[in-house]
Amino acid sequence: MDKLQDKAKVKVQIISCMTVGPPTVGKTTLREQLLTDQCNNEPSQQHKRPLSTQVAERKKIFRLAANNNKWNHITSDEELTGFVKGLDRNRNTKFDILTIISATTLTLVIYSYFYTFFHSQDTMIVEAIASFIIIMYHFSPRMYMYMYKNIVSKSVINAVRNKTFEQIPPVSSDNFIIHFKDTGGQPEFHEVIPALVSQSTLYLIMFNLNEDLEKEYSVTYKASEEDTSSGYESSFTVKETILQILGSIQSLHNHATEPGITSNALIIGTHKDKIKGTRQLRQIQQELEKEIKGTDWYTSDAIATTPNGDLVLPINTYNHNDVEIVKDMIKQSTATRTYMVPVTFVALYFTIEKLNKPVMSLNKFKKHAHDCNITNKIELNRVCQYLQDTMGAIRYFKNIPEMKDIIITDPQILFDLVNELILCTFTFKNIRTMSSRSQAERFRSSGRFTKQSLQECDIVKKGFLTADQVIPILIHLSIIAPVGINSKGYKEYFLPCVLFHAPVSVPASMLTVATGYSPLLVTFKCGYTPRGVFSCLISSILCSEGQWVLASDKIYRNQVMFHLTECGHYVLLKNCIKYLQVTITVCHGSTISDVPFPEIQKFLSQHLSIVITKLRYSASKVGHSFGFYCTLEDHATSDPHIAQCISNVQNPHIKCSDSPSPMTASLTPEQAIWFKDDSNTLRTTFDITHLSMVIQFLNKEHYDVATWQQLGLALGIYQPTLNKIESDARGKTEDCLRECLSSWLRQEDSVKESGIPNWYTLAKALDSIGQHSI
Ligand SMILES: Nc1nc2c(ncn2[C@@H]2O[C@H](COP(=O)(O)OP(=O)(O)OP(=O)(O)O)[C@@H](O)[C@H]2O)c(=O)[nH]1
Ligand SMILES: [Mg+2]
Ligand SMILES: [Zn+2]
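About the cut-offs
Residues numbered from 1 in each chain as written. Chains lettered and ligands numbered in written order. Predicted model: local features only at pLDDT ≥ 70, side-chain atom pairs only at ≥ 80, totals over all residues. Heavy atoms only, no water. Helix = DSSP H or I, 4+ residues; strand = E, 2+ residues; numbered from the N terminus. Buried < 20%, exposed > 50% of the residue type's maximum accessible area, 1.4 Å probe, protein only. Contact = heavy atoms within 4.5 Å. Areas by Shrake-Rupley, 256 points an atom, 1.4 Å probe, with all protein chains shown as cover. Pairing = 2+ DSSP bridges. Axes fitted to C-alpha atoms, helices over the stretch in contact; angles between N-to-C directions. Salt bridge = Lys/Arg side-chain N within 4 Å of Asp/Glu carboxyl O. Parallel < 35°, antiparallel > 145°, perpendicular 65-115°, else oblique. Left-handed = near helix turned anticlockwise from the far one by under 90°. Nonpolar A, V, L, I, M, F, W, Y, C, P; charged D, E, K, R; others polar. Phe/Tyr/Trp six-rings, centres within 6.5 Å; stacked < 30°, edge-to-face > 60°. Near = heavy atom within 4 Å. Polar contact = N/O pair within 3.5 Å; in protein donor to acceptor, adjacent residues only side chain to side chain.

**Digging into the overall build of the protein**
Counting secondary structure elements, the protein contains 29 helices and 25 strands. A buried classification covers 57% of the 774 residues belonging to the protein. Summarising the internal contacts of the protein: among those between residues at least 6 apart in sequence, 72% fall at separations of at least 24. Only carbon and sulfur atoms are counted for the fraction: they give 52% of the accessible area of the protein, which is about 32,900 Å².

Right, dumping it as C-alpha cells:
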C-alpha cells in the first residue's frame, strides 16, 4: 500500500503570482486587464486617484488556458472540479496514478457525466454506481472510501449539481491555475511582506516608465473615496526599489524540494502611452539592464525576457496586445513550474480550501489529513511543508507555544491584521483599530501600541485568534517587538515599519575620521539591504531583552537610535538601502576608548543572521559582510562609496574595487577598532565556550530537541558518533543535544568540511532539516 502511495503523485500546475512595485503604477489595473478580453486601446477616463491596495489582497484564482490565452477568474469549486477532470484525462498515460486516484476521479467524473442522465434527483444511484466502480478496481476499498468521502464534500456535490460544472475545462498539462495576489506599493508594506509570504512565487515587478528612475517616488495612500490625505516622498528612488526587490527575490531560499519551482521575476514598465518617442524608452531599458546585469546575482534565467529579448517589458496597461504579451510571459515562466505531488496532499489542500475556515485546531487538521489517507507523522510533516511553503495555503507556527495546537488555514488573516495595524498611521481618520485618539497619536508618532489596540482588530474581534496569540506571532515574525511599559502601566509593542522616514543622504562629516572611529557599514551579497531586513532587524534586537533599548528620539523607519543601557552609549542604525550604516554616539563623560566596538559588531552580526534566516533568505545568497566608506587616496574625492572589509587571519584589509584604480589597504586604526579582539575572522567562529549561548539561542527559537540527530548530521557529525552520544546519555534528548553541539563546537568528524561552527552554518543546518523559524 505504501509503495502504491509513493507512486500516486499527480502533476500540479498551481502557481502563485504576486504584483510588487511602487504605488499607483498600475498593478491593480493590470490584474483587472488580465481578465478583460476586449480590445481596449484607450486608457480609462478615470480622473480621480484610484483606491490603494492594502498590504496584500486576498488571492484570486485564475485559469489560464493554453489554446486561447484567455484568463478566467474561477472559484475554488471550479478549481477542484477542473482538477479532478484533469486527473481523468491522465488516465491513459499514467495508469499508476489512476489506480490510486481512481476513486476520487471516478466519483466526480461519474457525478459530472452521469449527472445529465440522472439530473441528480437521486444521489443514491450515483453513489451506488461510484461505489460499484470503486470495488471493481479491486484495490483497498477502505482507502478509496476515505478519499471519496473527503473530496466529495457537500459543497462539491453542490458544485457538481450546478450546470456550469459541465463547462469547466480540465486542469491538464496545457493549462495552468494561477493564484494571483495583488499588493499595495507603499514602502511600509514592502517591509512586512517578506515575513508574511511563505511560498515560492512569481513576482511581477512593476514601475511607471514616466517616473524618473533616479527620483524618490511619491507615496500616496487612498483608503476611501473621501480620503484626501496628501502624499509624501519615498526615501528611495524608483531604480533602487526595483533593484532592491530583484536582489531580494533572487536571494530567497528555496524551500521547495521539487525541481522547477523557483522564485522568479518579470519586470513591467507601465504608462508606455505617456512616453514620447522610443528613444526615452530605450534609454530606460538600457539603463536598468546595465544595472541588473552588473549585479552579482544576475543569471540569464533570473528574469523572464520579453519577445524582443529585453528585461523590461514596456506596456500600456489598457492596450490589449500589451496585456497579451504579459500573459505569454507569465505562461512561459510558469511552464517549468510543474511538479509532482502525492494525490493525498492535493486532496488535503482542496479539503482545507473548501472548508473555508481561517483557523483550525491541529487535531481537526490531523483528522482531515487522516481522511485524505495521510496517516503517519513524516507524511504529515511533509504535507504541512507542502501546504505552507509551496501552496501558501496554511501557516503553522509550531514553535510558538500559544499556536502549537492551531493551524492558520487562511494566511490572508495575517496580511489583513498587519494591514489594519499599518493603516492607522497612514490615514489619520482610520483610528478604528485604536480605542482612543491619544493611543492612535502615540502609535503614529512612535510606532507603539498596546494589546488593547489589537483587541479592536478584525481577526481578534471575529474570534479567529486572540490578542495573546497574535502578539507572539508578530514577535516571532519579527514584525513587532515588546518595548516595555507605558505611562499607564500597560505593556507596549513597537512596529518599526510605520514610522516616518529620515533622509538618506550621507552627511559629509561621516567621511572624515575625526571621531576616532569609522562608521561601520553592513553590505549584502545581493547588493541591497533585502526587503524586510531592516525593520525585522530592529524588532529582533529589541526582542533579545539585552541592553539595547530604543532611544527616545531619532527613531524613523529607516533610522533607529538604540541606547546601550549598561555602558550608556548610543548606536545609530541607518538603512541606506544599499547598505546599513552603524554610528556611535559616546555617552556624556566617556571617551571613544570606552565603547565596546567589537561587541556591538558581533551583536549586530548575530541578529542579522537570525533575521536573514527568518525571512527565508538564503544565508549563502544574502550573507552580510562589513565595509567602510572608502577613504583611500585618490578615491576620497569621488562620490562616497564602500570599500569592503576582507577578513583573513594574516592580513585583514580593505579592498575597494571602484574603477579606475581598484586598490587594497590595511585597516586604519579607526576601522580596526571594530574588530579588535576578533582578528581571525569576521564571521565569528564558535568554540566550546559558545555552548551555552548556542543552546540559549535554540531554546529561544523553540527548536525541537527531538530532531537533534538530524541537526547533528547536518552539522557534519557522523552517525556512529551520534549513536554513541545517544547511548551515553541514555536517550535523554536534552543531554544528547548538548553533547552533539559540543562535538560540533570541537569540530569533530566532518565539521570542518561541512562548514566551521558559526551562525551561518548553524542557520544553514537548521534550515536544511526544516527547523528554520517559520
Ligand atoms: N495612461 C496610463 N494609465 C495607466 C496605465 N496603467 C495604469 N494606469 C492608471 O494608473 C493609475 C494607477 O492604478 P492602480 O492600478 O490602482 O495602481 P496600483 O499600482 O495598483 O497602486 P497601489 O495599489 O496604490 O499600489 C490608475 O488611474 C490607472 O488608470 C497605463 O499603462 N497608462
Ligand atoms: Mg493596487
Ligand atoms: Zn574607493
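**Let's talk about the sheet that holds strand E16 (residues 491–494)**
Strand pairing in a sheet is mediated by backbone hydrogen bonds. Such pairs are either parallel or antiparallel. Spatially, E14-E16-E15 is the arrangement adopted by the three strands of the open sheet, whose pairing is antiparallel. A strand with exactly one partner marks an edge of an open sheet, and here the two such strands are strand E14 (448–450) and strand E15 (481–485). The mean angle between the axes of side-by-side strands here comes to 40 degrees, regardless of whether they run parallel or antiparallel. The sheet contact formed by E15 and E16 spans three bridges and is antiparallel. In the strand pairing of E16, Ala481 is matched with Phe494.

**Remarks on the pattern of salt bridges**
In this structure the tally under the stated criterion is 19 salt bridges. The partner of Asp410 in a salt bridge is Arg58, and the shortest N-O contact between them spans 2.7 Å. Within this pair, whereas Asp410 is found in the loop between strand E13 (406–408) and helix H15 (412–426), its partner Arg58 is found in the loop between helix H2 (27–35) and strand E3 (60–65), the two being separated by 352 residues in sequence. Note on Asp410: relative accessible area 15%, which makes it buried. Residue classification places Arg58 among the partly exposed positions, given a relative accessible area of 45%. For the salt bridge of Arg746 with Glu748, the shortest nitrogen-to-oxygen distance reads 3.1 Å. Of the residues examined, Arg746 reaches a relative accessible area of 46% and is grouped as partly exposed. Since its relative accessible area comes to 26%, Glu748 is described here as partly exposed.

**Regarding the packing of helix H12 (residues 343–355) against helix H14 (residues 377–390)**
At a minimum axis distance of 10 Å, the contact between H12 and H14 shows a crossing angle of 60 degrees. One finds that H12 runs oblique with respect to H14. Like other packed secondary-structure pairs, H12 and H14 cross with a definite hand, here right-handed. Where H12 abuts H14, its residues Phe345, Val346, Leu348 and Tyr349 lie against Glu379, Arg382, Val383, Tyr386 and Leu387. Class assignment for the residues of the contact of H12 with H14 results in seven nonpolar, no polar and two charged.

**Digging into the packing of aromatic side chains**
Tallied over the full model, the rule gives 16 aromatic pairs. Look at Phe597 and Trp674: their rings are 4.8 Å apart centre to centre, the planes differ by 75 degrees, and that puts the pair in the edge-to-face class. Placement of the pair is Phe597 in helix H21 (residues 597–614) and Trp674 in the loop between helix H23 (669–672) and helix H24 (691–700), with a sequence separation of 77 residues. Each member of the pair, Phe597 as well as Trp674, is classed as buried.

**Some remarks on the site of ligand 1**
Around ligand 1, a shell composed of 22 residues is seen, among which Thr29, Thr53, Asp273, Thr317 and Tyr318 lie nearest. The contact in question runs from an oxygen atom of ligand 1 to an N or O atom on the backbone of Gly26, over 3.0 Å. In the environment of ligand 1, an oxygen atom lies 2.7 Å from a nitrogen or oxygen atom belonging to the side chain of Thr53. Look at ligand 1: alone it shows 660 Å² of surface, and the protein chains cover 93% of it. The class makeup of the residues in the shell around ligand 1 is six nonpolar, 13 polar and three charged.

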